[in-house]
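# Secondary and tertiary structure notes
Next come the chains, spelled out residue by residue.
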Amino acid sequence: MSPHARPFFDHVARVCDGTPYKATETARGFDVELDLADERWHSAFVAAKLNWVFTYHVSMPTRSSYAIIEDTRSLVWFGDVPHTQRTGVRRIEADDEQTDQGVWTVHDPEAVPDTDQYRFDAEEGRTLITSVARLYALQQRGARHEGAGFSVAVGLVVTLSVIATVIGVAVILNLLGTFGAPS
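Values in this document were obtained by computation on a predicted structure and should not be read as measured data.

In this section: the overall build of the protein. A count of helical and extended segments in the protein gives 4 helices and 6 strands. If you list the helices and strands of the protein from N to C, you get α-β-β-α-β-β-β-α-β-α. Counting every position in the protein, which comprises 183 residues, the buried fraction comes to 36%. Sequence-distant contacts, at least 24 apart, represent 57% of the contacts inside the protein between residues at least 6 apart.

A separate point is helix α1 (residues 6–16). Within α1, the full set of buried residues consists of Phe 8, Phe 9, His 11, Val 12, Val 15 and Cys 16. The buried residues of α1 occupy an angular sector of 165° when the element is viewed end-on, so they sit on one face. For α1, the elements touching its buried residues are β1 (21–25), β2 (29–34), β3 (52–62), β4 (65–78) and α3 (122–135). Residue Gly 18 follows α1 closely and has a positive phi angle near 85°.

The subject of this paragraph is the pairing of β2. For β2, the tally of buried residues reaches 6 of 6 residues, placing the bulk of the element in the interior. The pairing of β1 with β2 spans 5 bridges and is classified as antiparallel. The residue bridging Thr 24 from the neighbouring strand is Asp 31, located in β2. Where β1 folds back on β2, the antiparallel hairpin that results is connected by 3 residues. The sheet contact formed by β2 and β3 spans 5 bridges and is antiparallel.

What counts and how
Residues numbered from 1 in each chain as written. Predicted model: local features only at pLDDT ≥ 70, side-chain atom pairs only at ≥ 80, totals over all residues. Heavy atoms only, no water. Helix = DSSP H or I, 4+ residues; strand = E, 2+ residues; numbered from the N terminus. Buried < 20%, exposed > 50% of the residue type's maximum accessible area, 1.4 Å probe, protein only. Contact = heavy atoms within 4.5 Å. Arc of directions from axis to C-beta. Pairing = 2+ DSSP bridges.

Put into structure tokens, the structure is as follows:
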């Protein structure tokens, strides 16, 4: 994690403390997700009929911006133990959506919401992150701003698509006899 991301991460971790969410430091920033290993929240998860869980991968490509990539996983219960399964659903956040704070009181990390206030939906985790980010005047950027690699990959895909289309058209025209032998 970059040093300029540390205060943002620390604040998000303080807000998560005592809630069903946890913040975990990563090499690129931090993740926010439900703490499925903490058994004290299992009854709330069951009562909410939780079928999906979300992991928010947060990075700070610059000192004044952050990016969120959201992964969705399905949740199944084996006895009293929740297990997740990857679904392949990934959402890349591009805009700083103006959402309300929901259950989060980000100015007072000691103010933990009541258990019955949690919705455990995708919006709740995003709101936690964006609410803290606003305190630091951070602007949300899409993950495409994280480096040149994404731009190169998109450029390569577009270039290969154009080449394949041109070759395909040439083959079709050749089969139709448009490119006949010169007389």
